[in-house]
Amino acid sequence: MKKLLATLLLCLMVFSIMTGCTNNQTSATPDETDDVVLETEAPVTLYEIKTDYATLKFPEKYKDDVDINIEKEPYTVSFLSDDTLLFTLGFNGGEGDVIGTLVSNSGNTVVRVNLPVLDTKASNYDKLSEIQEQLSVILTSLRKDYQFVDGQVTGEKEEVYQIETSTVPLYYPVKWKDKVTVTSSGNTVRFSSSDKPLFDIVFGEGDGIVVGSYNGTEVKIVDYPLEDEEMKNMQEDVNVILTHLQEEDGFVLAKG
């Protein structure tokens, strides 16, 4: 689960629902005019799934293979195939990992994803795995149609401090200022705590996952394995840096 979810997150960094939902059912209508090109693939025809928070979009080709179940408390949207749970999206609640936040003037909605491990011995495993991977289509469409940002964004903007670099200022939470050491070496900005590396921001050449570019210079992230929960939270707040980078005119987010 973690490997696939991490892949989906990187594709996105690297992510309104239901005005007409009745009980636990959802209305899905073809979106005949909305063909989205993902990467270099052929256009994918999507259909709409109306919910109370946003309109989700899923490939039309899998419409007959997927059942949608909506629960109100907490608000979750589950995708199933042949009674097998593929994934569940939770809005301001539910289980799973935080994958992003829908930001709006009426309030922010934190989106979680619960991605169960499929049974590799199932006779239809390949088909189920293929459909499960279409979660990336939903998240790509959310980013296209809404202000959908990585990580958890609270109702109030988190207080940050500025870190000067030779490329672009970075903004990191003030709450970690006394616990995190930031050093620059060449084109790399390193974040560490108690001499343990948390993550690096690399501008231009070097290792790392490309998350975008600033005025034509690639921006990459390198993260490190951690055991300490507080340090993991420090590392996760690289999303705060990314959120503020997206506010810079010269920054372009990497496409999924």
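Here the structure is a predicted model, which is why all the values come from computation and not from measurement.

Asks: Just to check I follow, could you spell out the sheet that holds strand β17 (residues 251-253) for this structure?
Replies: What holds strands together in a sheet is hydrogen bonding between their backbones, with the strands either parallel or antiparallel. Strand order in the open sheet formed by six strands is β12-β13-β14-β16-β15-β17, and the pairing between neighbours is antiparallel. At either margin of the open sheet sits one strand with a lone partner, and together these are β12 (181-185) and β17. Averaged over all pairs of adjacent strands, the angle between strand axes in this sheet comes to 25°, irrespective of strand direction. Summarising the sheet, strand β13 (residues 188-193) and strand β14 (residues 196-203) pair through six bridges and their orientation is antiparallel.

Asks: Is there a simple way to think about helix α4 (residues 229-236) in this case?
Replies: An α-helical segment advances 3.6 residues per turn. Residues three or four places apart therefore align on the same side. Those residues of α4 that fall on the buried side of the exposure criterion are Met-231, Met-234 and Gln-235. What you see down the axis of α4 is that its buried residues fit within an arc of 100°, all on one side. Looking at the packing, one finds that the buried side of α4 touches β11 (170-173), β13, β14, β16 (217-223) and α5 (238-245). Near the N-terminus of α4, the side chain that reaches the backbone nitrogen of Glu-230, with its oxygen 3.0 Å away, is that of Asp-228.

Asks: Would you explain α5 in this entry?
Replies: The buried fraction of α5 amounts to eight of the eight residues, a majority that puts the element mostly inside the structure. Of all the residues in α5, the buried ones are Val-238, Asn-239, Val-240, Ile-241, Leu-242, Thr-243, His-244 and Leu-245.

Asks: Even after reading the chapter, I still don't get the pattern of salt bridges, so can you show me in this structure?
Replies: When their charged atoms lie close together, side chains carrying opposite charge are able to pair. A full pass over the atoms with the stated rule returns 11 salt bridges. For Lys-72, the salt bridge is made with Asp-52, and the minimal N-O distance between the two is 2.8 Å. Taken together, the residues span a long stretch of sequence, with Lys-72 in the loop between β4 (67-71) and β5 (75-81) and Asp-52 in the loop between β2 (44-50) and β3 (55-59) at a distance of 20 residues. Where Asp-237 meets Lys-175, a salt bridge forms, and the shortest distance between an N and an O atom there is 3.8 Å. Taken as a pair, Asp-237 in the loop between α4 and α5 and Lys-175 in the loop between β11 and β12 lie far apart in primary sequence, 62 residues in all. On the basis of relative accessible area, Asp-237 is assigned to the buried category, the value being 13%. Salt bridges sharing partners connect three or more residues here, namely Lys-57, Lys-144 and Asp-145.

Asks: Sorry if this is basic, but what is going on with the confidence of the model for the protein here?
Replies: Interpretation of this model should avoid reading the predicted coordinates in detail wherever pLDDT is low. For the protein, the mean per-residue pLDDT works out to 83, and 80% of the residues sit at or above 70. Within the model, pLDDT remains below 50 along residues 10-40, and this stretch shows 104 contacts once partners closer than five positions in the same chain are excluded.

Asks: Explain the packing of aromatic side chains to me, please; I cannot follow it from the model alone.
Replies: Two measures describe an aromatic ring pair: the distance that separates the ring centres and the angle between the ring planes. Per the stated rule, a full pass over the model turns up 11 aromatic pairs. Their ring planes at 75° and their centres at 5.1 Å tell us that Tyr-53 and Tyr-75 sit as a pair that is edge-to-face. One end of the pair, Tyr-53, is in the loop between β2 and β3; the other, Tyr-75, is in strand β5, with 22 residues separating them in the sequence. Since its relative accessible area comes to 4%, Tyr-75 is described here as buried. Cation over ring: Lys-63 sits above Tyr-47, and NZ or CZ is 5.2 Å from the ring centre.

How each quantity is defined
- Residues numbered from 1 in each chain as written.
- Predicted model: local features only at pLDDT ≥ 70, side-chain atom pairs only at ≥ 80, totals over all residues.
- Heavy atoms only, no water.
- Pairing = 2+ DSSP bridges.
- Helix = DSSP H or I, 4+ residues; strand = E, 2+ residues; numbered from the N terminus.
- Axes fitted to C-alpha atoms, helices over the stretch in contact; angles between N-to-C directions.
- Buried < 20%, exposed > 50% of the residue type's maximum accessible area, 1.4 Å probe, protein only.
- Arc of directions from axis to C-beta.
- Contact = heavy atoms within 4.5 Å.
- Polar contact = N/O pair within 3.5 Å; in protein donor to acceptor, adjacent residues only side chain to side chain.
- Salt bridge = Lys/Arg side-chain N within 4 Å of Asp/Glu carboxyl O.
- pLDDT = per-residue confidence, 0-100.
- Phe/Tyr/Trp six-rings, centres within 6.5 Å; stacked < 30°, edge-to-face > 60°.
- Lys NZ or Arg CZ within 6 Å of the ring centre and 35° of its normal.

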